[in-house]
Amino acid sequence: MNGNIKVSTLVTEFMEIRHFLNYLAGTGLYTVDGVEDSDVEKYLISLNLAERTFIRRQMLIKRFLEYYDAEHGTELLTPGIQELCKPIDSVKLNAVIRAGRRKAIPIDYFNKLLSGLIRVMHDENESPRDRGMAAMLVIDSQTGLRASELSLLEANTVEEVDIEGEIAKMIKYKIVKVAKANTEGCVDAITYINDISYDAYKVALEVFSEGRTKRKVNYLCCPNTQATLPITPVVYITYLKKFCVTHYEELGCLNEELKNTLCGSITKHSFLVQFGNNRSPNKNAMHDLVSSFSDDQEFYYPLVHQFRNTVVSGLLAHGVQLEFVRRYMGHLTEETTAGYAESYDTDMQENLAVSESTLSTIVSGDAKLLGPSADRLMTNINAWIDTHQLNVATDMDEIIEGLEKVVPIRAKRGGVCIKGSKLTNACSVDVQTDEFMCAVGICPNIGHFYFNADESYADYKEAMAAYTINKENGFTRQAEKEYTKVTYILRNRLGPEMVELVKEIKQIGEQEVLKRHPNLEEILNNIKEIKEIVDGYTEEELS
């Protein structure tokens, strides 16, 4: 081991490896010897981390398995896992993470699950622990709190607020920014709770009252039998897993179609290892429950975090703006909210016809997308297509329909904006700069094609004329502004467009180009002159 490693770094790495092992345990895998390629792949997909943190997690897993193999003579670090843990380009990484982001729980499954949880929390024949855990998950299903935030909820923190004559109930909670199960690094917040979640809150308040008194704490979720408080997220996952398998007939947990939307799965064998062992008080009942299934039968269930996705999905589906969603869900950045939005069936397009035409052109390869952000967009699109296992030759309609939900397109002079949308009007945190760059036609988020050359040429002539007039009259600063426009247009718009236009003419002929794009008539009539302007341009000519 490198003796120069910081203690804080070592602690962080141990915690990250522990997170990986806890995930494996949550899937029913209790020995490292059983780790397979699919386990590592599912774990990496489940993560929602910044790119550098994600890459570090990949390397840590690889180093851990290398060390384990060296110590125990095993061969866990297979070529498949090495490939999964190989750092990839950050742009592609972000695209893959977004494409594989956890989805909302299917509405039919969600309604059945919620109904079952509500029934259990009101059933006095159930144990106080099961009633209370069901109530906590009902609260989560309605508020979308993170599991760590759910654990930190306290008793007697609901307040009534008068909003324009209507009484709304609000609950105080803590946004966990740094350390899970640690109030340090938390931000106090408040969120709305509806009648369903308030009913669940009252049940948890009642059934866990003895635990709070006995333990002398004020956590809302305080089971008598829990060893440590506040409870960790894995406790919720374990209860939800057991609940779903126990009610598999009611929920339809055996339906293999659910594996594409529910992020949790457990085999009969793993279920019995976890819940039907000799220490389990319900050992016989658990065995009887799944006795008719083969050992490899899989049961599908949602992860707790999917309640959060479902709440976000519902807000967006009802037209709630992203900024409100960001505040309501306690997201620390706009990018986090926008990342959730990409997973959902929301109307991100201002003009569907423009979006369909643009995306069809990009995906089919009929014309090359140009612009500073073109390569990034193409990487995102290709990653999305690969992740969804679609084929451009046979699944074009499905691809375009899917991309319309995740790739916002806005018509702009000289091309299309490939970053903004009517859900997120600002391109970044520097709104004023973005608006200026957009207004003067030098925004890096404008994607364009060779058939936009007519607009670029018109903008060039206008900027060149303004530059000449201002220079001749001694208006130096204004001339410099127009100079910037001219150089940008020639270098980044008209120049690349003319290169692609010439290629297209060689491939299909000038007449076919004009037939497809009548707007290029002036360009084609003056193509030699325009090419000379582009090819002969030097900064000295404008100085």
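All residue numbers here refer to positions counted from 1 along the written sequence of the relevant chain. With the structure being a predicted model, the display of local features is reserved for residues of pLDDT at least 70 and the display and counting of side-chain atom pairs for 80 or more, all residues being used for whole-chain, interface and lining totals. As a rule here, side-chain values cover all heavy atoms of the structure and leave hydrogens and water aside.

### Considering the confidence of the model for the chain
Low pLDDT marks stretches whose predicted atomic positions should not be read closely. Every residue carries a pLDDT, the predictor's confidence in it, which falls somewhere between 0 and 100. Residues at a pLDDT of 70 or more form 80% of the chain, whose mean pLDDT is 81. Below pLDDT 50 for its whole length, residues 538–543 participates in 12 contacts with residues either more than four positions away or in separate chains. Contacts are assigned to residue pairs that have any heavy atoms within 4.5 Å of one another.

### A word on unusual backbone geometry
Put simply, Leu229 and Pro230 share a cis peptide bond, and its omega is -5°. The residue Pro230 is located in the loop between helix H10 (209–215) and helix H11 (233–246) in this model. The residue Asn156 is not glycine, and still its phi comes out positive at about 55°. Starting at the N terminus, helices and strands are each numbered in turn, a helix being any DSSP run of H or I of at least four residues and a strand any DSSP run of E of at least two. Its place among the elements puts Asn156 in the loop between helix H8 (147–151) and strand E1 (158–163). Only protein chains enter the accessibility calculation, which uses a 1.4 Å probe. A residue is then buried if its area is under 20% of the maximum for its type, exposed if over 50%, and partly exposed in between. By relative accessible area, which is 61% here, Asn156 ends up exposed.

### Observations concerning the sheet that holds strand E8 (residues 446–447)
The sheet built from 3 strands is open, its strands ordered E6-E7-E8 with antiparallel pairing. Looking at which strands have only one partner, the edges of the open sheet turn out to be strand E6 (410–412) and E8. Where strand E7 (residues 415–417) lies against E8, 2 bridges are found, and the strand directions are antiparallel. Residue Val416 lies in a different strand from E8, and its bridge partner there is Gly447. Strands qualify as paired when DSSP identifies two bridges or more between them.

### Looking at the environment of Leu272
Inspection of the secondary structure puts Leu272 in helix H13 (residues 268–275). Take Leu272: its relative accessible area is 14%, and that puts it in the buried class. A sequence separation of 18 residues divides Leu272 from Val290, and the C-alpha atoms of the two residues are 8.6 Å apart. Those residues in contact with Leu272 that lie beyond four places of it in its chain are Asn277, Met286, His287 and Val290.

### Topic: the side chain of Arg493
The residue Arg493 is located in helix H23 (residues 476–508) in this model. Its relative accessible area of 7% is what places Arg493 among the buried residues. A polar contact is formed between the side chain of Arg493 and the side chain of Ser456, at a distance of 3.3 Å. Within 3.5 Å is the distance limit for a polar contact, defined as a pair of N or O atoms, with the added protein rule that one can donate a hydrogen and the other accept it, and that residues adjacent in sequence qualify only through two side-chain atoms.

### Describing the packing of helix H6 (residues 107–122) against helix H9 (residues 195–207)
Helix-helix packing is characterised by the crossing angle of the two axes and by the distance between the axes. The axes used here are C-alpha line fits, helices contributing only the stretch in contact, and every angle between their N-to-C directions lies in the interval 0 to 180 degrees. Between H6 and H9, the shortest axis-to-axis distance is 10 Å and the interhelical angle comes to 35°. Seen along the crossing, H6 lies across H9 with a hand that is left-handed. Across the interface between the two elements, Ile118, Met121 and His122 from H6 touch Ile196, Asp199, Ala200 and Val203 from H9. Note that Gly is not counted as nonpolar here; it falls among the polar residues with everything else outside the nonpolar set of Ala, Val, Leu, Ile, Met, Phe, Trp, Tyr, Cys and Pro and the charged set of Asp, Glu, Lys and Arg. Taken together, the residues of the contact of H6 with H9 break down into 5 nonpolar, 1 polar and 1 charged. Helix crossings fall into two classes, left-handed where the near helix is turned counterclockwise from the far one by less than a right angle and right-handed where it is turned clockwise.

### Overview of helix H7 (residues 128–143)
For H7, built from 16 residues, the straight-helix expectation of 22 Å at 1.5 Å per residue is met to within 8% by its first-to-last C-alpha distance of 22 Å. A large share of H7 lies buried, amounting to 13 of its 16 residues. Just beyond H7, the residue with positive phi is Gly144, at close to 70°. Expected helix span is computed as 1.5 Å times (number of residues minus one).

### As for the nonpolar core
Within soluble globular proteins, side chains that are nonpolar generally end up buried alongside one another. Among the buried residues, those of types Ala, Val, Leu, Ile, Met, Phe, Trp, Tyr and Cys that are joined through side-chain atoms within 4.5 Å form a nonpolar core. Counting 59 residues, the largest nonpolar core has Tyr109, Leu113, Met136, Leu153 and Tyr236 as the members making the most contacts within it. Other than its neighbours up to four places away in sequence, Leu153 contacts Met136, Ile139, Leu145, Ile171, Lys172, Tyr173, Asn218, Tyr219 and Leu220.

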